[in-house]
Structures are given as structure tokens and as C-alpha cells.
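Topology and contacts: notes
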Amino acid sequence: MSATTFRSFARSFGSKIEKPVRTHLVNVYACLTVSMISAAIGAYVHVFTNFLSAGLLTTLGATGLLLALMYTQDNGKNRSLRMSYLVGFTFFTGLGIGPVLEYVIHVDPSIIPTAFLASTLVFTSFSLSAIFAERGKWLYLGGTLMSLLSVLMCLSLANLFLGSELIFKSYLYLGLAIMSGFVLYDTQLIMEKRRAGDKDFIAHSVDLFVDFIGIFRRLLIILAQKEQGSKKRKD
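Now for a look at the structure at hand. A quick note: this is a predicted structure, and the numbers were derived from the prediction, not measured. (Residues numbered from 1 in each chain as written. Predicted model: local features only at pLDDT ≥ 70, side-chain atom pairs only at ≥ 80, totals over all residues. Heavy atoms only, no water.)

Comments concerning the packing of helix α2 (residues 19–48) against helix α4 (residues 79–107)
- Orientation of α2 relative to α4, taken along the N-to-C sense of each, is 45°, at an axis distance of 6 Å. As the angle between them shows, α2 and α4 are arranged oblique. Note that α2 runs across α4; the crossing there is right-handed. From α2, Cys-31, Val-34, Ser-35, Ser-38, Ala-39, Ile-41, Gly-42, Ala-43, Val-45, His-46 and Val-47 reach across to α4, where they touch Met-83, Leu-86, Val-87, Thr-90, Phe-91, Gly-94, Leu-95, Gly-98, Pro-99, Leu-101, Glu-102 and Ile-105.
- Taken together, the residues that form the contact of α2 with α4 break down as 15 nonpolar, seven polar and one charged. (Axes fitted to C-alpha atoms, helices over the stretch in contact; angles between N-to-C directions. Helix = DSSP H or I, 4+ residues; strand = E, 2+ residues; numbered from the N terminus. Parallel < 35°, antiparallel > 145°, perpendicular 65-115°, else oblique. Left-handed = near helix turned anticlockwise from the far one by under 90°. Contact = heavy atoms within 4.5 Å. Nonpolar A, V, L, I, M, F, W, Y, C, P; charged D, E, K, R; others polar.)

Following this line, the structure appears as C-alpha cells:
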């Protein structure tokens, strides 16, 4: 981004979004950055060490820490405790991605940075679209996205019995579209919550973290499957 473009973006951001919301978004994305670093460490631990690996206990750990975060209300004095819950949750989430990363590394390690960059591009594009869109424009998506999530769960359950490649691909691509839609919805919802007086940027960052991980995980699998298909055709 050139200096002129950055200044133009900063002026637009400052003029369109009121200061309390701007400050809140900065805090949310700072927490999101910490979460991504923590998740990356968790993934590294699973793939490259024997210290911890993904499993039932790590899933329970992630769930427990998320519940602890959500049920510990922000009172302005317990943010360090709540941040520790956030870091723990995202670390265990990173561990949970480990098996997918091992599969992708076996196919082609270069897929990982490609998927990460693509996820970052998708996430950033949809986030900016939500931030600079008309106020509340994307909030109507909430009901539709929740309905599509139910469809996604049905596809997943059906495929446990059918084992259909077509259903699995539909699950991946539909899931990718849904998680992208949630970036739009969650970003505008966070802004509206702050306007209503909700200053809990730690909890709000969790929504965006889940969205990003959902996009990243699906892109990893999609790209790996495409690479495997390409290798089979060459053979």
C-alpha cells in the first residue's frame, strides 16, 4: 500500500467511523493478532514437537477455556485473566488444526502459506467491506447464515453414512462461503454492539478468530485436494 493510499484510507476510516468504534476495532484486531500468533504456536507444537498433539483432551481444553472466557464478564479489572483464557483457547485451536497441516505438508508444504495468504486476503476484503458499508447493511445476513449452518451440519452428518466425495466438496465450498459471510456479519455486529455500549473487545475478537480459522481450514483442504488431483492426472 503506497503512502498516498494509506493516508486516503486513514482519512476515510477516520471520517466514516466514530472515534469510540475506531478505538474498539483497533483493540479487537490487536486481540485477533495475538490469537493468530497463539494458534500458530499451537499448530507448530503439534506438527514439530512431541510435547502436545490434537485429540479429545485438547478439544475439551479449548471448549473449557472458551466457556471460561464467555462466562467471565469483563469488569475492567480482569482483562489479564480473560486474555489468558483467549490465548489458551486459541493455542488449543491451533493444536486442533495440526492434523490438517500434517496432511497438507504430506501433499505439498507450499499450500500452507498460499492458503494463509488467500485467507488473509478474503478476511481483509470482507472486513473492509463491512466497515465501510452503510451502517447495518449486512446484519440481515444473520438469519440466513444460521440457516445455512444447519444445512452444513446436515451435510456433515449425511456424509458420515454416505461417504460421498460430492457431498464433501459441497460441504467445503458452502462452508467457505458461509464463513466469509460471517466476516461481514460479525464485523458489523461488533460495531453495533460497541455503539450500544458493549466494550468487550476480547470476546468480540473470538468471533473474528473463528471466522478466519474456518476460512483457513477449508482453503487448506480445498487446495490440497486440487494438488492431489493434479498429481493423479499427471501420473
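Notes on the packing of aromatic side chains
- Scanning the model with the defined rule gives eight aromatic pairs in all.
- On the numbers, 5.7 Å between centres and 70° between planes, the contact of Phe-91 with Phe-92 is edge-to-face.
- Of the residues examined, Phe-92 reaches a relative accessible area of 21% and is grouped as partly exposed.
- On the numbers, 6.3 Å between centres and 75° between planes, the contact of Phe-182 with Tyr-185 is edge-to-face. Taken as a pair, Phe-182 and Tyr-185 lie in helix α7 (residues 165–195) at a separation of three residues, close to a single helical turn.
- In this structure Tyr-185 comes out as buried when scored by relative accessible area, which is 18%. (Phe/Tyr/Trp six-rings, centres within 6.5 Å; stacked < 30°, edge-to-face > 60°. Buried < 20%, exposed > 50% of the residue type's maximum accessible area, 1.4 Å probe, protein only.)

A few points about the side chain of Ser-180
- Structurally, the position occupied by Ser-180 is in helix α7.
- The exposure class of Ser-180 is buried, given its relative accessible area of 8%.
- Apart from residues no more than four positions distant in its own chain, Ser-180 is found in contact with Val-122, Phe-126 and Ile-215.

Some words on the pattern of salt bridges
- Across all of its chains, the model carries six salt bridges by this definition.
- As a salt-bridge pair, Arg-135 and Glu-192 come within 3.0 Å of each other at their nearest N and O atoms. Here Arg-135 is found in the loop between α5 (111–132) and α6 (141–162), whereas its partner Glu-192 is found in helix α7, with 57 residues between them in sequence.
- Residue classification places Arg-135 among the exposed positions, given a relative accessible area of 57%.
- Here the residues in one salt-bridge network are Glu-18, Arg-135, Glu-192 and Arg-195, joined through shared partners. (Salt bridge = Lys/Arg side-chain N within 4 Å of Asp/Glu carboxyl O.)

Quick notes on a nonpolar patch on the surface
- Residues Leu-157, Leu-160, Phe-161 and Leu-162 make up a contiguous nonpolar surface patch of about 530 Å² in total accessible area.
- With respect to the element layout, Leu-160 can be found in helix α6. (Patch = residues over 30% accessible without salt bridge, like charges linked within 9 Å, V, L, I, M, F, W, Y side chains within 5 Å. Areas by Shrake-Rupley, 256 points an atom, 1.4 Å probe, with all protein chains shown as cover.)

Note that all results are geometric; they support no functional claim without further evidence.
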